[in-house]
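Structural characterization, general
Given next are the chains, with one letter for each unit.
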Amino acid sequence: DVKVTQSSRYLVKRTGEKVFLECVQDMDHENMFWYRQDPGLGLRLIYFSYDVKMKEKGDIPEGYSVSREKKERFSLILESASTNQTSMYLCATNGGVREQYFGPGTRLTVT
Amino acid sequence: DQQVKQNSPSLSVQEGRISILNCDYTNSMFDYFLWYKKYPAEGPTFLISISSIKDKNEDGRFTVFLNKSAKHLSLHIVPSQPGDSAVYFCAASVTNRDDKIIFGKGTRLHILP
């Protein structure tokens, strides 16, 4: 079974803080993705990576950056957190198949 | 510009009956379609998929139908069970290098006792 873990289930940060969300997968998958989920808006792609040190912008990259130094780890960085970044953040991975496998999510609240 | 549309935000179905969730898409280049199920405070889990070369795929209680000419797909759940209460996301993708998936906004399914 594919296992995707995310560093925190719940996180509360203050406006202006730098926030790191980490995702680790154990299946040697090439592709990794970061989404955010908001009520009524579905899942929106922030960034994705199809190889180490490679990154591509998704649909809503503004205010975010990513890092992929190792194949199994994909980090999402909020450079200066804002209240409109309060959301559920989901990491996903796939490799060789179209289906993406998701982690449990991080519920981030920015106050 | 929504490429994958789920026009029903919510749906209520009696336990034991058939649940039908609908999805429309606009991009004719999509060649692979997926359904995901999501419980609150959990990540989405893959449910079932269908390639554009097929018009039906079945897995136990779940069947997905694809109508390419209408750019429409549907997920049938028979019989519906209480554990099926969740948000269902329709998704689509185009065969290319990055394997991006475009998700709809989701439909919340309530199974009534």
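So, here's what we can say about the structure.

Calculation rules
Sequence order as written defines residue numbering, which begins from 1 separately in each chain. Chain letters and ligand numbers both follow the written order, the letters beginning at A and the numbers at 1. Given that this is a predicted model, residues contribute local features only at a pLDDT of at least 70 and side-chain atom pairs are listed and counted only at 80 or more, while totals for whole chains, interfaces and linings are drawn from all residues. Note that the side-chain values use all heavy atoms of the structure and ignore hydrogens as well as water. Secondary structure follows DSSP: runs of H or I at least 4 residues long count as helices, runs of E at least 2 residues long count as strands, and numbering of each begins at the N terminus. The size measure is the radius of gyration over C-alpha atoms, and the globule rule it meets is 2.2 Å times the number of residues to the 0.38 power. Burial classification: accessible surface area is computed with a 1.4 Å probe over protein chains only, and a residue below 20% of its type maximum counts as buried, one above 50% as exposed, and the rest as partly exposed. Throughout, a contact is declared for two residues whenever any of their heavy atoms are within 4.5 Å. Residue exposure ignores everything except the shown protein chains as possible cover, and the areas themselves are Shrake-Rupley values with a 1.4 Å probe. Two strands pair if DSSP finds at least two bridges between them. Throughout this description, a polar contact denotes any pair of N or O atoms lying within 3.5 Å of each other; where both atoms belong to protein, one of them has to be capable of donating a hydrogen while the other can accept it, and for residues adjacent in sequence the pair is counted only when both atoms sit in side chains. Centre distance within 6.5 Å is the pairing criterion for rings of Phe, Tyr and Trp, where only the six-membered ring of Trp is used; planes under 30 degrees apart are then read as stacked, over 60 as edge-to-face, and the remainder as tilted.

Quick notes on the overall build of chain B
Counting secondary structure elements, chain B contains zero helices and 11 strands. In chain B, the succession of α and β elements from N to C terminus is β-β-β-β-β-β-β-β-β-β-β. Radius of gyration (C-alpha) of chain B: 14 Å, near the 13 Å computed for a compact globule of 113 residues. For chain B, buried positions account for 44% of its 113 residues. Taking the contacts inside chain B whose residues are at least 6 apart along the sequence as the reference set, 54% of them involve residues at least 24 apart. When the accessible surface of chain B is split by element, carbon and sulfur atoms take 49% of a total near 5500 Å².

Let's talk about the sheet that holds strand β3 (residues 19-25) of chain B
Residues and elements named next belong to chain B. Read from one edge to the other, the open sheet built from five strands follows the order β1-β3-β8-β7-β6, with strand pairing classed as antiparallel. In the strand order of this sheet, the two ends are held by β1 (4-5) and β6 (56-59), each with one partner. As defined by bridge partners, β6 adjoins strand β7 (residues 62-67) across four bridges and the pair is classed as antiparallel. Looking at the pairing, Lys56 lines up with Phe65 of β7.

Focus: the side chain of Gln85(A)
Residues and elements named next belong to chain A. Along the chain, the position of Gln85 falls in the loop between β8 (73-78) and β9 (87-94). In this structure the side chain of Gln85 is engaged in a polar contact, spanning 3.3 Å, whose partner is the backbone oxygen of Gly63. Non-local contacts of Gln85, meaning those with residues more than four positions away in its chain, are made with Arg36, Glu62, Gly63, Tyr64, Leu78, Ser80, Leu108 and Val110.

Comments concerning the packing of aromatic side chains
Any pair of aromatic rings gets described here by the distance separating the centres and the angle formed by the planes. Scanning all chains against the criterion turns up 13 aromatic pairs over all chains. Summarising the aromatic geometry, the rings of Tyr35(A) and Phe103(B) are spaced 5.4 Å apart at their centres and angled 90° between planes, so their arrangement reads as edge-to-face. One end of the pair, Tyr35(A), is in strand β4 (residues 31-38); the other, Phe103(B), is in strand β10 (residues 102-103), on a second chain. Its relative accessible area of 8% is what places Phe103(B) among the buried residues.

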